Amino acid sequence: MGIEVRAIRKTFGASAVLKDVSLEVKDGELVALLGPSGSGKTTLLRIIAGLEAPDPMPGSAVLIQGQDVTQATAAARRVGFMFQHYALFRHMNVFENIAFGLRVRPRKVRPSGEEIRRRVGELLKLIHLEELADRYPSQLSGGQRQRVALARALAIQPSVLLLDEPFGALDAKVRQGLRRWLRRMHDETHVTSLLVTHDQEEALEVADRVVVMNEGRIEQTGTPDEVFHHPASEFVMDFLGNVNLFRGRVESGKAVFGPMVLDAPGSSALNGQEVRLFVRPHDLDIHPQAADHPGMRARVLRVHSAGPQVRIELQAETGEPLTVTMPQERFREAPVVPHDHVYVSLRDAKLFLEDYSI
């Protein structure tokens, strides 16, 4: 097992930041901790790194490569930690920044100068910056500095790699390129990695598994496909991408949303209960008239057609705002314009009752 945390709790004053969190990261796996600000993901990462101490609780522990390191110092854990804001040494060139962790080791375990040069050379090749070894951080782009920071974290041959919002300070295009690069790098090194991010697209694109956190707890753990297509809670459904929300009630075993009626498993036992329907924009279809699928009338408000996807904003006859997305090809087959009255039908949806999926 690469990383295991058991029943971790952390409080700051009267505020509980982590509430009995348990998590396993398999050896060689890249797992993303995903959640909004304040969900506890960075605190959990810092506890694993040894930069924060968890509250003393029975059964609470942090294990790295099967060894209990709960009481070990950060230096003794052999963890590579990469921060959001690089933290490169401005007075050192790229080569020396990467070599730093090797040069400061105790003399008995410090590699020879030749071994340091060899290892740094391999990392420069891995991050594709061989020709920039003599440059200083101020002479690099943001993306290049971030790659140097990652190489420095890898130089000490860490047992695990922890990344805290590593691309958060970069612009969108650079982030996208670095995400692909990080995934390729991980496939080459196979170092057990835990990535903290609030960027849903980043987590879904890069990680083997995604851990969705909210208010100090884990809401769901699964592959990117599982958490996106089979959300375990309203929070996960809402957090992972845009959604349309309908509110209704269960009547005679049916979920009723104005003129739209759907089957509600659980039937009469749920009668009178409020129910919520979540639908992603790409799971809605637009028709010129009523279709066979469940749906409702709506009026087109705006059409945004720039880009590969067309986004259409509507208002349902029950008053809810709706967003529909579709490929350009499908839109060209049946275009709509503002003020058109259309019928919106469901291709897929998720029903929730009192935070449980039904």
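See the structure shown above.
Quick caveat: nothing in here was measured; it's all calculated off a predicted structure.

Chemist: Go over the packing of helix α2 (residues 94–103) against helix α3 (residues 113–126), please, and point to the residues and values.
Modeler: Taken N-terminus to C-terminus, the directions of α2 and α3 make an angle of 125°; their axes are 10 Å apart at the nearest point. With respect to α3, the element α2 is oriented oblique. Note that α2 runs across α3; the crossing there is right-handed. Facing α2, whose interface residues are Val94, Phe95, Ile98, Ala99, Leu102 and Arg103, α3 presents Ile116, Arg117, Arg119, Val120, Leu123 and Leu124. Split into classes, the residues belonging to the contact of α2 with α3 amount to nine nonpolar, no polar and three charged.

Chemist: A description of the packing of aromatic side chains should follow, citing residues and the corresponding values.
Modeler: Counted under the stated rule, the structure contains three aromatic pairs. On the numbers, 4.6 Å between centres and 50° between planes, the contact of phenylalanine 89 with phenylalanine 100 is tilted. Residue phenylalanine 89 is found in the loop between β6 (79–82) and α2, and its partner phenylalanine 100 is found in helix α2; the two are separated by eleven residues along the sequence. With relative accessibility at 29%, the residue phenylalanine 100 sits in the partly exposed group. Here the aromatic rings of phenylalanine 278 and phenylalanine 352 are separated by 5.6 Å at their centres, their planes lie at 90°, and the arrangement is edge-to-face.

Chemist: Please give an account of the sheet that holds strand β18 (residues 321–327) that cites residues and values.
Modeler: Strand order across the open sheet formed by five strands is β15-β19-β16-β17-β18, with antiparallel pairing between neighbours. Single-partner strands in this sheet number two, and they are β15 (284–287) and β18. Neighbour to neighbour, the strand axes of the sheet diverge by 45° on average, direction disregarded. Where β15 lies against strand β19 (residues 341–346), four bridges are found, and the strand directions are antiparallel. Opposite leucine 284, over in β19, you have leucine 346 as the bridge partner.

Chemist: How would you sum up the layout of surface pockets? Please name residues and give values.
Modeler: In this structure, the largest pocket encloses a volume near 670 Å³. Along its surface, the largest pocket is lined by 23 residues, and Val79, Gly80, Phe81, Gly101 and Ile156 are the ones closest to its centre. Those elements that place two or more of their residues in the lining of the largest pocket are β6, α2 and α4 (142–155). Per-element tally for the lining of the largest pocket: the top contributor is β6, with four residues. A class-by-class count of the residues in the lining of the largest pocket yields 17 nonpolar, three polar and three charged. For the second largest pocket, the full set of lining residues is Phe228, Gly241, Asn242, Arg280, Pro281, His282, Gln309, Arg311, Thr323 and Thr325. Listing elements by their share of the lining of the second largest pocket, those giving two or more residues are β17 (309–316) and β18. Residue composition of the lining of the second largest pocket, by class: two nonpolar, six polar and two charged.

Chemist: Which residues make up the pairing of strand β4 (residues 61–64), and what values go with them?
Modeler: A two-sided burial pattern is seen for β4, the buried positions comprising Ala61 and Leu63 on one face and Val62 and Ile64 on the other. Inspection of the sheet shows β4 paired to strand β5 (residues 67–68) by two bridges, in the antiparallel sense. Its bridge partner lying in β5, leucine 63 is registered against aspartate 68. The hairpin turn running from β4 into β5, its antiparallel successor, is two residues long, and glutamine 65 in that turn takes a positive phi close to 50°.

What counts and what doesn't
Residues numbered from 1 in each chain as written. Predicted model: local features only at pLDDT ≥ 70, side-chain atom pairs only at ≥ 80, totals over all residues. Heavy atoms only, no water. Axes fitted to C-alpha atoms, helices over the stretch in contact; angles between N-to-C directions. Helix = DSSP H or I, 4+ residues; strand = E, 2+ residues; numbered from the N terminus. Parallel < 35°, antiparallel > 145°, perpendicular 65-115°, else oblique. Left-handed = near helix turned anticlockwise from the far one by under 90°. Contact = heavy atoms within 4.5 Å. Nonpolar A, V, L, I, M, F, W, Y, C, P; charged D, E, K, R; others polar. Phe/Tyr/Trp six-rings, centres within 6.5 Å; stacked < 30°, edge-to-face > 60°. Buried < 20%, exposed > 50% of the residue type's maximum accessible area, 1.4 Å probe, protein only. Pairing = 2+ DSSP bridges. 1 Å grid on protein atoms, 1.4 Å probe; cavity = no way out; pocket = protein on both sides within 12 Å on 5 of 7 lines; lining within 4 Å. Points joined across faces, edges and corners; volume = space filled by probe spheres on them.

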